[in-house]
Amino acid sequence: MEALFATTTGILAASGLYLALRGRTFPVVVGLTLLSYAVNLFLFSTGGLTTDGAAVISDGAGKYADPLPQALVLTAIVIGFAMTAFSVILAMRVRGDVGSDHVNGNRVDEPREDKS
Amino acid sequence: MQHLIILPVLLPLLTGVALLIHRGGALTLRRTANVLSTIALVVIGILLVADSTDDTIRYYALGDWQPPFGIILVLDRLSALMVLLTSLLALGSLLYACAGDDEQGSNFHGLFQLQLMGINGAFLTGDLFNLFVFFEVLLIASYALLMHGGGKARTHAGFHYVALNLLGSMLFLIALGILYGTMGTLNMADMSAVVTTLDTADLGLVKAGALLLLIVFGLKAAMLPLYFWLPRAYAAAPAPIAALFAIMTKVGIYSIIRVYTLIFGEQAGPLANLAQPWIWWLGLATLALGAVGVLSARDMRTQVAYLILVSVGTLLAGIGMHSEVALGSLLYYLIHTTLVSGGMFLLVDAIAQQRGKAGARIVQSRTLTQPATLGLMFFAGTIAMAGLPPLSGAFGKALLLQAATTAQQHWLWPILLGSGLASLIALSRTGSTIFWRASGEKTGITLGPLRVTGTLMLIGCAPLMVAFAGPITAFTQATAAQLLDRDAYVESIIARGDTGGDT
């Protein structure tokens, strides 16, 4: 399970980073979203991966999972979600204000939109 | 009063939420509420500083869950000082904003209070994860405030700022994950106790986590390879917001000081002082490049933004020197630079308003309506920022220069003094272009009483800090001593010596 988990996190992070370094706002936003998924998975795994473990103390529970990373990751998810929503709106605003979806505001390499 | 510690977080939260709910209310009412709340924060700040001078470290356990298990807020000299500094700067910027800048967009007052809540929380928290949460609170408020009023330049600079800070937050989370995975705790005092008992196998991981944190804090503080967002964002932001943002880089500086003296400080065994060499060299490089930026700026706002970089470089070099005297001196310099550079942002905006079309660009233009008032303030600001006697900049720099050891002097003295000279040359060139090479009709726009009060309040701190240099340096030196006394901190937070994590 650890290998699968680590590979998934790694692939997500790599794709996210690649997209975040692209020149247009849409891939950047998608890249940041993927990165935040990767980070959330990573954060979740920091207490060690356990199956069938109880998170809260209860009678008859033999095994316990570390509850703190679960609380941390919940906070991180909520914050990440809000930030993603904000950056989507912002990217649209940039497209409207600057008239280009390039992160540097370049218009040179932008193919003219087909008006028909 | 036991609950005083949480008030700097609670009060702006309540005021901010109330202001957001009643965002359609009368403007005067919203302004009054915001100003009153900020004045109350100044009072609370003063009380907290007074509380902290007896050298006990107090903490506030939320929900009465005792550390290291619950979330705590910690009050020591440094956090009290930073809270007071924030509220003073906020009051100055707010008075200026109330002259009209707050009407340019919606929700200025609510966001302003939430921003203060984030900043105060970051200074007070005793838990690394909560530091992340408060960072996010202050960041999301700052995203909106940066773009207050809209416009091409702002949205554009805003997107860079948001994207970079989102990446920074993710690095922060990765670092926290690594540190939690190896140390089993995120309470700063507890981490400080656990770091000495680490497995040798985990050392590499912890080191990686600790240096990742340096990248995150370096991004906030605008340390060398990570500062390119700052001049553009600060130059584009509305003046009162840019002035308030003068404290934002100091949040990064504060976090660096806190984490690398408390957790990875002198007593951390194999990880002792692991970041200081990095901070020292990067700080000097930031200082040098900031000075080049000041000389090259064509716009007064950009110039002040680069002056902030110069001060950040100075502060980082001071941390890199890692001695008690240097720490005390840099705290004095920190107070000075935060207030005066905030004041300079306001002043530059006031000047730009009276110049008609030329705005903040450093070119010949119309005569100012009030050349004497603005000129005098600009002169005082220049002397303070460039670090000439008799104002506070000179004191801060002299203290830092004195604190350097012989080996450090070879690097610090030429770079720090050279950057001072560069700032002086650049600012005198700006001043003479604006005030002396002006011609033509006046625009007739004058500075309102609120704007004068706000600007004077911040720039006026420069002479005041000289007049009260004795008590202030005594306080900052005691703060430095308290910061380096790690054992006392850990003992006052964690009563039992054996409460570790699961390692």
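Model, not experiment: these values are computed from the prediction. Residue numbers restart at each chain and count upward from 1, following the sequence in its written direction. Whichever chain is written first becomes A and whichever ligand is written first becomes 1, with later ones labelled in order. In keeping with the model being predicted, local features are shown solely for residues with a pLDDT of at least 70 and side-chain atom pairs are shown and tallied solely at 80 or more, while totals for entire chains, interfaces and linings include all residues. Note that the side-chain values use all heavy atoms of the structure and ignore hydrogens as well as water.

Brief notes about the overall build of chain B
At step 1: Scanning chain B from terminus to terminus reveals 21 helices and 2 strands.
At step 2: As a reference, a globule follows 2.2 Å times the number of residues to the power 0.38, and the radius of gyration itself is taken over C-alpha atoms. Taking 2.2 N^0.38 as the reference for a compact globule, 503 residues should give roughly 23 Å; the C-alpha atoms of chain B span a radius of gyration of 22 Å, in line with that estimate.
At step 3: Judged by the C-alpha coordinates and their principal axes, chain B covers about 75 × 55 × 40 Å.
At step 4: Within chain B, the proportion of its 503 residues that are buried is 63%.
At step 5: Between two residues, a contact is recorded if the distance between any of their heavy atoms is within 4.5 Å. By sequence separation, contacts in chain B at least 24 residues apart represent 81% of the contacts at least 6 residues apart.
At step 6: Computed with the Shrake-Rupley method and a 1.4 Å probe, the accessible areas treat only the protein chains shown as cover for residues. Looking at chain B as shown, the accessible area adds up to about 17,100 Å², and 66% of this sits on carbon and sulfur atoms.
At step 7: Counting rule for charge: Lys and Arg are taken as positive, Asp and Glu as negative, and neither His nor the chain ends is counted. Just so you know, the charge point we use is NZ for Lys, CZ for Arg, CG for Asp and CD for Glu. Separation between the mean location of the 25 positive side-chain charges and that of the 23 negative ones in chain B comes to 21 Å. Helix numbering and strand numbering both begin at the N terminus, where a helix is a DSSP run of H or I of at least 4 residues and a strand a DSSP run of E of at least 2. Relative accessibility thresholds used throughout: buried, under 20% of the residue-type maximum; exposed, over 50%; partly exposed, between the two (1.4 Å probe, protein chains only).

Digging into the overall build of chain A
At step 1: Summing up its helical and strand segments, chain A has 3 helices and 0 strands in all.
At step 2: Shown N-terminal to C-terminal, the secondary structure of chain A runs as helices and strands in the order α-α-α.
At step 3: Against the compact-globule benchmark of 13 Å for 116 residues, chain A has a radius of gyration of 20 Å, which places it well outside the compact range.
At step 4: Taking the principal axes of the C-alpha coordinates as reference, chain A spans close to 70 × 25 × 25 Å.

Some words on the UniProt feature "transmembrane region" (unreviewed entry) in chain A
At step 1: As annotated in UniProt, the feature "transmembrane region" (unreviewed entry) corresponds to residues 71–92 of chain A in the numbering used here.
At step 2: A helix fraction of 100% and a strand fraction of 0% characterise residues 71–92 of chain A, whose end C-alpha atoms lie 32 Å from each other. UniProt positions are given in the numbering used here, feature names are shortened, and annotations may be inferred rather than shown by experiment.

Quick look at the packing of aromatic side chains
Residues and elements named next belong to chain B.
At step 1: Note on aromatic pairs: the rings of Phe, Tyr and Trp (six-membered ring only in Trp) are paired at centre separations within 6.5 Å, and the planes decide the class, stacked below 30 degrees, edge-to-face beyond 60, tilted for the rest. Scanning the model with the defined rule gives 19 aromatic pairs over all chains in all.
At step 2: With 5.7 Å between their ring centres and 85° between their planes, F172 and F217 make a pair best called edge-to-face. Linking F172 in helix α6 (residues 152–183) with F217 in helix α8 (residues 203–221), this pair joins segments that are 45 residues apart in sequence. As far as the burial class goes, F172 and F217 line up, both buried.
At step 3: Any Lys NZ or Arg CZ found within 6 Å of a ring centre and within 35 degrees of that ring's normal is scored as a charge over the ring. Between the NZ or CZ atom of R451 and the centre of the ring of Y96, over which it lies, the distance is 5.0 Å.

Focus: the packing of helix α14 (residues 324–353) of chain B against helix α15 (residues 371–386) of chain B
All names here are of chain B.
At step 1: Note on geometry: axes are C-alpha line fits, over the in-contact stretch for helices, and angles between N-to-C directions span 0 to 180 degrees. Relative to each other, α14 and α15 sit at 145°, their axes nearing to 10 Å. Of the two elements, α14 crosses α15, and the hand of that crossing is left-handed. Between α14 and α15, the contacting residues are H336, V340, S341, M344, L347, A350 and I351 on the first element and L374, M377, F378, G381, T382, A384 and M385 on the second.
At step 2: Of the residues contributing to the contact of α14 with α15, the split by class is 10 nonpolar, 4 polar and no charged. Two helices that cross are described as forming a left-handed crossing if the nearer one is turned anticlockwise from the farther one by less than a right angle, and a right-handed crossing if clockwise. We call Asp, Glu, Lys and Arg charged. Ala, Val, Leu, Ile, Met, Phe, Trp, Tyr, Cys and Pro are nonpolar, and the rest, Gly among them, are polar.

Overview of empty space enclosed by the protein
Over the atoms a probe the size of a water molecule is rolled, and this reveals where empty space is left.
At step 1: Put plainly, a pocket is an open set of points on a 1 Å grid over the protein atoms alone with protein on both sides within 12 Å along at least five of seven lines, a cavity is a set where a 1.4 Å probe fits but cannot get out, and a lining residue has an atom within 4 Å of a point. Grid points are joined across faces, edges and corners, and a volume is the space filled by probe spheres set on the points. In the structure shown here, the tally under the stated rule is 5 cavities of 30 Å³ or more.
At step 2: The volume enclosed by the largest cavity comes to roughly 160 Å³.
At step 3: S36, A76 and G80 of chain A together with L166 and M170 of chain B are, among the 18 residues lining the largest cavity, the residues nearest its centre.
At step 4: Mapped by element, the contributors of at least two residues to the lining of the largest cavity are α2 (25–45) and α3 (67–98) of chain A together with α5 (128–146) and α6 of chain B.
At step 5: Split by residue class, the lining of the largest cavity holds 10 nonpolar, 7 polar and 1 charged.
At step 6: Every residue along the wall of the second largest cavity is listed here: L138, L139, Y161, N165, K220, W229, Y234, M248 and V251 of chain B.
At step 7: At the level of secondary structure, the elements contributing two or more residues to the lining of the second largest cavity comprise α5, α6 and α11 (248–263) of chain B.

Looking at the interface of chain A and chain B
At step 1: Contacts between the two partners involve 31 residues from chain A and, on the opposite side, 28 residues from chain B.
At step 2: Summed over both partners, the interface of chain A with chain B comes to about 2,600 Å²; 84% of that surface belongs to carbon and sulfur atoms.
At step 3: Any carboxyl oxygen of Asp or Glu within 4 Å of a side-chain nitrogen of Lys or Arg constitutes a salt bridge here. Along the contact surface separating chain A from chain B lie 0 salt bridges.
At step 4: Polar contacts here mean pairs of N or O atoms no more than 3.5 Å apart (in protein, one a potential hydrogen donor and the other a potential acceptor; neighbouring residues in sequence count only if both atoms are side-chain atoms). Put simply, chain A and chain B have 4 residue pairs in polar contact (both at pLDDT 80 or more) between them. For any pair of parts, buried area is found by adding up, for both, the accessible area (1.4 Å probe) each one loses once the two are put together.

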